[in-house]
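Here are the chains, one letter per residue:
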Amino acid sequence: MEYVLIALVVFSAAAVTFLAVAQSGDPPSPGSPLPAFRLGGTDGASHSDETLRGRPAVIFFFPMDETPECLAVARAFAEAAPRIEAAGAKLLAIAVATPEAASRYALAHSLPYPILADADGRAARAFGSLVNLVAMRFAKKLTVLAGPGGRVKAVWRDNAGTDSVAQVLARLAPPAP
């Protein structure tokens with residue numbers, strides 16, 4: 001019995017270590033420059049950190065799966081898209097996916113914003129969102145608000161669910177007189 005318990009402890013420690021190593025690091029800190037990226041979107045355009053300069057941007061990473069939580073975040077951003085655009089900001093989603101898969105997902109869920117296909121995971125890695133489990137790679141949920149100068153204003157990492165959408169809208173709202 002002792003050997004079974006020791007084996008379970010060793011296995012659990014190895015699993016936790018593997019999962020910690022599989023994650024790509026920390027997201028950019030507020031005040032830091034937006035990480036460099038250039039990706040094609042489901043809108044047919046090429047988007048990059050450079051094309052976002054001059055206006056605020058909301059960039060959210062998500063695993064692009066069919067779980068209720070992932071769909072709720074995608075739909076919350078879809079509902080908020082007109083208000084984000086009205087605030088002068090550009091809304092972009094990034095997923096570790098092929099362009100074809102991103103297009104199918106955007107079409108299936110009638111998403112009004114472009115999903116950028118990060119097939120090799122480089123952008124997700126640069127933003128600290130990539131999870132690499134050897135046989136499976138995906139972007140964990142992360143939302144970044146960038147200012148017009150290309151600097152990060154706010155980051156939502158562990159709480160990047162539907163509540164973060166309301167918080168993004170609040171940060172984009174003009175200050176009360």
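Residues numbered from 1 in each chain as written. Predicted model: local features only at pLDDT ≥ 70, side-chain atom pairs only at ≥ 80, totals over all residues. Heavy atoms only, no water.

1. Some details on the confidence of the model for the protein chain
Note the cut-off: pLDDT is a per-residue confidence score from the predictor, ranging from 0 to 100. Elements are defined by DSSP. Helices are runs of H or I of four residues or more, strands are runs of E of two residues or more, and each kind is numbered from the N terminus. Only heavy atoms enter the contact rule, under which two residues are in contact if any of them lie within 4.5 Å.
Of all residues in the protein chain, 84% attain a pLDDT of 70 or more, and the chain-wide mean is 87. When mean pLDDT is compared element by element in the protein chain, strand β5 (residues 115-117) scores highest at 98, while helix α1 (residues 2-22) scores lowest at 53. Low pLDDT, under 50, characterises residues 13-22; the stretch is placed with seven contacts to residues that sit more than four places away or in other chains.

2. Quick notes on the pattern of salt bridges
The condition that has to hold: Salt bridges are counted wherever a side-chain nitrogen of Lys or Arg sits within 4 Å of a carboxyl oxygen of Asp or Glu.
A full pass over the atoms with the stated rule returns six salt bridges. The shortest N-O distance in the salt bridge between Arg-53 and Asp-49 comes to 3.9 Å. Between Glu-85 and Arg-55 there is a salt bridge; the shortest N-O distance is 3.3 Å. Taken together, the residues Glu-85 in helix α3 (residues 68-86) and Arg-55 in the loop between α2 (49-52) and β3 (57-61) connect sequence positions 30 residues apart.

3. Description of the environment of Ala-87
Note the cut-off: Exposure classes here rest on a 1.4 Å probe applied to the protein chains alone. A residue is buried below 20% of its type maximum, exposed above 50%, and partly exposed in between.
By secondary structure assignment, the location of Ala-87 is in the loop between α3 and β4 (90-95). Under the relative-accessibility criterion, Ala-87 is labelled partly exposed at 34%. Distance in space between the C-alpha atoms of Ala-87 and Ala-173 is 6.9 Å, their sequence separation being 86 residues.

4. Remarks on the packing of aromatic side chains
Applied cut-off: Between the rings of Phe, Tyr and Trp (Trp by its six-membered ring), a pair exists once the centres lie within 6.5 Å; its type follows the angle of the planes, with under 30 degrees stacked, over 60 edge-to-face, and the other angles tilted.
According to the stated counting rule, one finds six aromatic pairs in the structure shown. For the ring pair Phe-60 and Phe-62, a centre distance of 5.2 Å and an interplane angle of 40 degrees mean the geometry is tilted. Residues Phe-60 and Phe-62 agree in their burial class; the two are buried. Seen in terms of ring centroids, Phe-61 and Phe-127 are 4.9 Å apart; in terms of plane orientation they differ by 45 degrees. Their pairing is tilted. Of this pair, Phe-61 sits in strand β3 while Phe-127 sits in the loop between α5 (122-126) and β6 (130-132); the two residues are 66 residues apart in sequence, bridging distant segments of the chain. Given a relative accessible area of 1%, Phe-61 falls into the buried group.

5. A few points about the nonpolar core
The nonpolar side chains of soluble globular proteins are, as a tendency, buried together. Selection rule: Among the buried residues, those of types Ala, Val, Leu, Ile, Met, Phe, Trp, Tyr and Cys that are joined through side-chain atoms within 4.5 Å form a nonpolar core.
Residues Phe-62, Met-64, Phe-77, Ile-84, Tyr-113 and Ile-115 are the most contacted members of the largest nonpolar core, which totals 34 residues. Contributing elements (two or more residues each) for this core: β3, α3, β4, α4 (99-108), β5, β9 (152-156) and α6 (162-172). Ranked by residues supplied to this core, first place goes to α3 with 10 residues. Ile-94, Phe-127, Leu-142 and Val-144 belong to the second-largest nonpolar core, a separate cluster that totals 20 residues.

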